[in-house]
Each structure stands twice: as C-alpha cells, then as structure tokens.
Amino acid sequence: MKGKVLLGHGSGGKLTHELISELFVCHFNNPVLDQQADSAVIKITSTSLSFTTDSFVVDPIFFPGGDIGKLAVAGTVNDIAVSGATPLYLSASFIIEEGLPFSDLEKVVASMAGEARKAGVAIVTGDTKVVNRGKCDKIFITTTGIGQLPEKFVHISTGHRVKPGDQIIINGTVGDHGMAVLGDREFAQFTSGIRSDCASLNPLIRKALEVSPDICFMRDATRGGLATVLVELAELSGLGIEIDEEAVPVNENVKGMCELLGYDPLYVANEGKVVMVVPSQESEKALAALCSDPLGKESRIIGEIVESHKRKAWLKTTIGGRRILDMLAGEQLPRIC
Ligand code: MG
C-alpha cells in the first residue's frame, strides 16, 4: 500500500477492509485470521491458561535492535512464557495517527509477523482505529496473548515455592533496551552502539524448563529493570535476597551511558531478559541450558535466596559495601515500551 494512513482507514468501511486484507491478513496470514469472523475461534486443551495484555507506545517506533511491532509481540509472548506457559495466540489492536506513512506501517506489521513466526504464535484477531493528527503519536499497539499452562508450572508466577539456598539466574546483560531507546531518542546524532535486547524468550525458557522442571520462579525484567523484579520477588516470597553486583552482566557501552546520564543499569528496562530462581542442585544444569541458546550466552548466577533480612533484596556492591534495593518512586524513562 502506498501513501499515508487516512482517517477513513479506521472507519470500518471500504478503506478499512482494504487495509485489513492487503496488510494485516496478508502479513499475519494464518487459518484462524483468514476466517475474518467477528471473533477468532481457537482450541486449547489445557485447563489452566496464561492470559495477558500490554500496550506499546515506544518513541521512536524504530530503534536499534527492534521496533514497536517486534516489541509488541515479544513483550506479550514473554509475559506468557515466564509464567511457564506455551504462548499460542495473540490479538493486536492498532491506534494509528492519521498521516502515518504506509511504508512505516507495513514495516511494523511485517516485523510483528516475523517475530510471531519466530515465537511460534499466531496473531488471530485485531482491530484498527485511526485518530486525527496530533491525537496519538504515530502508532500505539496493544497485544493480548493466550498460552497453555501445564499444571506442574502453575506455581512459577507466584513465587510460593522459592526457598533459602535457591539460586538466582539472569540470561545476560541488563539495561540494553532502555539505553538503546533513550540513546536513539535523545542523542540520535551519536551512535552509542547499544542495541535493544528485544526478543521472544519462549524457546530459551522451554530449554531451561526441560532440564530444570523445578524452576520455582520466573519474571521478565522489563520496566523498572532487574532491581524491581528482585524487590517484587523478596515481597512475594517473604524471604531475603542477596545479589552480587559484580556478577550482574552489563555491556560496557550501557555502563558508560548510565554513568554519564546518572542511571543505574539495574533499574533500566530490558525486553529480552528473564530472572529465574532455581533450586541449587539444578542451577548448573539450568545455566548450561540457557548458555546453549543464542539469547542466553551470557547467562549468569547473580545471587541467592536467603533466610535473613526477610522481604528485602540486598546488593553486595563492587566496592565491597552493601545496599538495599528498592522500587523506583516515579517514571524513570517514559515511553520506552
Ligand atoms: Mg512481565
């Protein structure tokens, strides 16, 4: 499709039908969506489902390592995968600003389709609205996802099976996504060399669950970064956490940019990082499985669950001190996802 998106493309009339058939159905192409019914009819066999939704308003919509489309698929896929479920179906809802070039929209849609294929999910239903110029910024996307959750993994998102001695693992460097988007938005004239880690983690997580089915907790470290997940985990489990700052992988460029701008990489958003809590006897196996995947090459054990200082996450700093981790009071970096 050529030209720009018009208000009429969200009208429900002829232009909307053209947009749906020539762009969305063409790229997302799957038998359920092809029916073009009022709702997608899907079959799921398990009794427990994982069901999640997320809106994406990232600015800029294209950034090093990804774009709003890839993010909208990977973000929702990851929320399902970290609960131990297999992501199956997504819906995608678009709010588009009048005047968005079709070339940009097509790039975003193609990127969503590519990421969905990679993650093994089908985008089976959706909606499009077009708003007047200035009433939204280029494009906002909401994705909702459903996954099949085996009963044996139902405890993973609650943190209730976490116990002292369990090891905490992360699948690589922290802070890349937040600094990639911020760098591109605010300092586009410089190249920081930082790329977003945006990726669907379900294949990586599946590998870890296969060798270590007793993984007792998982969460993706998105907004609020690694630190926020650790604080949440301390509260959920009612136990203490000790993290070795030196063990947390941080890319040199991210470290440099954080120092320059006054950010702590532990609090900067990721879009391809999962924090796992694994019983100590399984931790080496889980680590090896993660390291065998391209998205987990730099996986590390970064700390453990402890009996002391209950409900608090402590950080052993690189200079030998100790500090307590807390949640951020306000929004650190707006519109990074
Ligand atoms: Mg999450």
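All values reported here derive from a predicted model rather than from experimental measurement. (Residues numbered from 1 in each chain as written. Predicted model: local features only at pLDDT ≥ 70, side-chain atom pairs only at ≥ 80, totals over all residues. Heavy atoms only, no water.)

Draft legend 1. Layout of the overall build of the chain. Assigned secondary structure in the chain consists of 9 helices and 13 strands. For 337 residues, the compact-globule formula gives about 20 Å, and the C-alpha radius of gyration of the chain, at 21 Å, lands near that figure. Projected onto the principal axes, the alpha-carbon positions of the chain cover approximately 65 × 50 × 35 Å. Sorting the 337 residues of the chain into buried and exposed places 51% on the buried side. Counted over contacts in the chain with a minimum sequence separation of 6, partners at least 24 positions apart contribute 86%. Of the accessible surface of the chain, which amounts to about 14,900 Å², a share of 53% is contributed by carbon and sulfur atoms. (Helix = DSSP H or I, 4+ residues; strand = E, 2+ residues; numbered from the N terminus. Rg over C-alpha atoms; globule rule 2.2 N^0.38 Å. Buried < 20%, exposed > 50% of the residue type's maximum accessible area, 1.4 Å probe, protein only. Contact = heavy atoms within 4.5 Å. Areas by Shrake-Rupley, 256 points an atom, 1.4 Å probe, with all protein chains shown as cover.)

Draft legend 2. Main features of the pattern of salt bridges. Under the counting rule described, the total for this entry stands at 14 salt bridges. Ionic pairing is found between Glu252 and Lys255, a salt bridge with its closest N-O pair at 3.5 Å. Pair noted here: Glu252 and Lys255 are both in helix H8 (residues 252–261), with a separation of 3 residues, about one helical turn. Under the relative-accessibility criterion, Glu252 is labelled exposed at 56%. Each of Asp137, Lys138 and Arg335 takes part in a single network of salt bridges with overlapping partners. (Salt bridge = Lys/Arg side-chain N within 4 Å of Asp/Glu carboxyl O.)

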